[in-house]
Amino acid sequence: MDTTTNTPQAVDTSICNKAVLVSLSVSTWTARKYSKEITAKVNADHGASGDAGRYNKSLLPGDAESYKALMRVAGYARTNHYSQSLAWSDEGWRLLPTANYQDYTDRLRGLTSEFETALEDFLLDYPALVNQSRGRLNGMFRDSDYPDVHDLRAKFSIGVEFSPVPTSGDFRLDLAGSTIEAIEKSVVDRVERATAGAVKDSWDRLKDCVLHIHSRLSDPKAIFRDSLIDNARELTDILGRLNVTGDVNLETARLEVAAKLGAYEPAMLRSDATARAEVARDAQAILSSMNGLYGTGAV
């Protein structure tokens with residue numbers, strides 16, 4: 001692997017033609033309710049000040065499987081969003097390379113369908129769960145804590161928005177020329193910073209993956225799950241589509257991880273101490289070669 005450079009590659013100024021921005025919103029009902037009355041009583045019973053703690057009632061039984069299943073799908077949707085896109089801004093937008101647009105939307109469409117099915121299952125169970133909670137909470141039960149089914153349904157949703165990557169040169173404003181130039185420069189600077197952050201995000205993911213493999217496999221007695229290798233395979237597949245700037249070093253590292261760390265089956269690594277040690281050495285060598293490829297802050 002070429003290690004002659006230790007600075008980030010120049011930002012690809014055509015990124016606006018290679019990616020879009022994506023924002024995901026996942027809304028859910030927490031099934032918890034803050035109780036001023038119980039909080040005041042608990043603090044008073046312990047002689048504590050009024051701001052010593054807050055008591056939140058759990059409105060559903062802990063074994064409410066339909067609710068837990070619904071929340072799991074909501075979590076999967078968030079995880080998919082972050083794994084299939086790159087860091088971009090603090091306002092909730094992430095960078096989605098067009099090469100990964102179809103995979104992203106296909107996965108999200110499937111998860112949205114699962115979410116809607118799980119929501120219907122939960123809503124069917126909801127009246128019975130409320131009745132269970134009536135006895136479980138006893139004196140703490142309040143009808144007003146529970147929305148009706150119609151209002152409850154509205155609390156759950158998955159939504160996605162897309163937006164073009166900002167670009168300069170399209171400001172039709174009644175402002176002085178110098179002001180327009182300053183605005184355009186700020187847009188360019190922001191895009192360059194965010195793009196560099198997106199590239200670093202990819203490097204960080206790859207580094208963390210290799211570090212985890214090295215940590216688990218270098219210890220002959222450490223137990224590891226199949227996901228140790230499965231996650232590496234999935235990540236290297238995704239990064240092939242997320243490399244929006246065409247970073248040659250990132251692509252080289254990605255292919256090396258796929259070939260050397262993702263080639264073995266987990267079961268074999270558990271049973272073959274020699275293969276396990278070899279993969280651990282390969283992971284260490286990859287980490288060493290990654291050092292300096294994208295600056296000291298990335299790997």
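A. The packing of aromatic side chains, seen in detail. Under the criterion given, the structure shown has 9 aromatic pairs. Ring centres of F115 and F156 lie 6.5 Å apart, and the angle between their planes is 50°; on these two criteria the pair is classed as tilted. Remark: F156 occurs in the loop between α4 (149–154) and β6 (157–164) and F115 occurs in helix α3 (residues 101–137); sequence separation between them is 41 residues. In this structure F115 comes out as buried when scored by relative accessible area, which is 3%. Accessibility expressed as a relative area gives 5% for F156, which makes it buried. Aromatic rings pair up to connect W29, Y67, F115, F122, Y126 and F156 into one cluster. Above the face of the Y34 ring, R54 is positioned so that its terminal group lies 3.7 Å from the ring centre. It is R270 that lies over the ring of F224; its NZ or CZ is 4.8 Å from the centre.

B. Structural view of the sheet that holds β6. Taken in spatial order, the 4 strands make up an open sheet running β4-β5-β1-β6, and their pairing is antiparallel. The open sheet terminates on both sides in strands that have one partner only, identified here as β4 (86–87) and β6. Here strand β1 (residues 19–27) pairs with strand β5 (residues 94–97) via 4 bridges, running antiparallel. Across the sheet, residue V22 finds its bridge partner in β5, namely R94. Helix α2 (residues 65–83) contacts β1, β5 and β6 of the sheet and is inclined by roughly 165° relative to β1.

C. Structural context of helix α6 (residues 227–242). Look at α6: 21 Å from first C-alpha to last across 16 residues, which is about the 22 Å you get at 1.5 Å a residue. Among all positions of α6, only L228, I229, A232, L235, T236, I238, L239, R241 and L242 are buried.

Definitions and cut-offs
- The numbers attached to residues start from 1 for each chain and follow its sequence in the written order.
- In view of the model being predicted, local features appear only for residues whose pLDDT reaches at least 70, and side-chain atom pairs are presented and counted only at 80 or more, with totals across whole chains, interfaces and linings using the full set of residues.
- Heavy atoms throughout the structure, all of them, feed into the side-chain values; hydrogens and water do not.
- Aromatic rings from Phe, Tyr and Trp, taking only the six-membered ring of Trp, are treated as a pair when their centres fall within 6.5 Å; an angle between ring planes under 30 degrees marks them as stacked, one over 60 as edge-to-face, and anything in between as tilted.
- By definition, any uninterrupted DSSP run of H or I lasting at least four residues is a helix, any uninterrupted run of E lasting at least two residues is a strand, and each is numbered from the N terminus.
- Using a 1.4 Å probe on the protein chains alone, a residue whose accessible area is under 20% of its type maximum counts as buried, one over 50% counts as exposed, and one in between counts as partly exposed.
- When the NZ atom of lysine or the CZ atom of arginine is within 6 Å of a ring's centre and also within 35 degrees of its normal, the charge is said to sit over that ring.
- Strand pairing is assigned whenever DSSP identifies at least 2 bridges connecting the two strands.
- Any two residues whose heavy atoms approach within 4.5 Å are treated as being in contact.
- Inter-axis angles, ranging from 0 to 180 degrees, are taken between N-to-C directions of lines fitted to C-alpha atoms, where helices are fitted over the stretch in contact.
- The span you would expect from a helix comes to 1.5 Å times its residue count less one.

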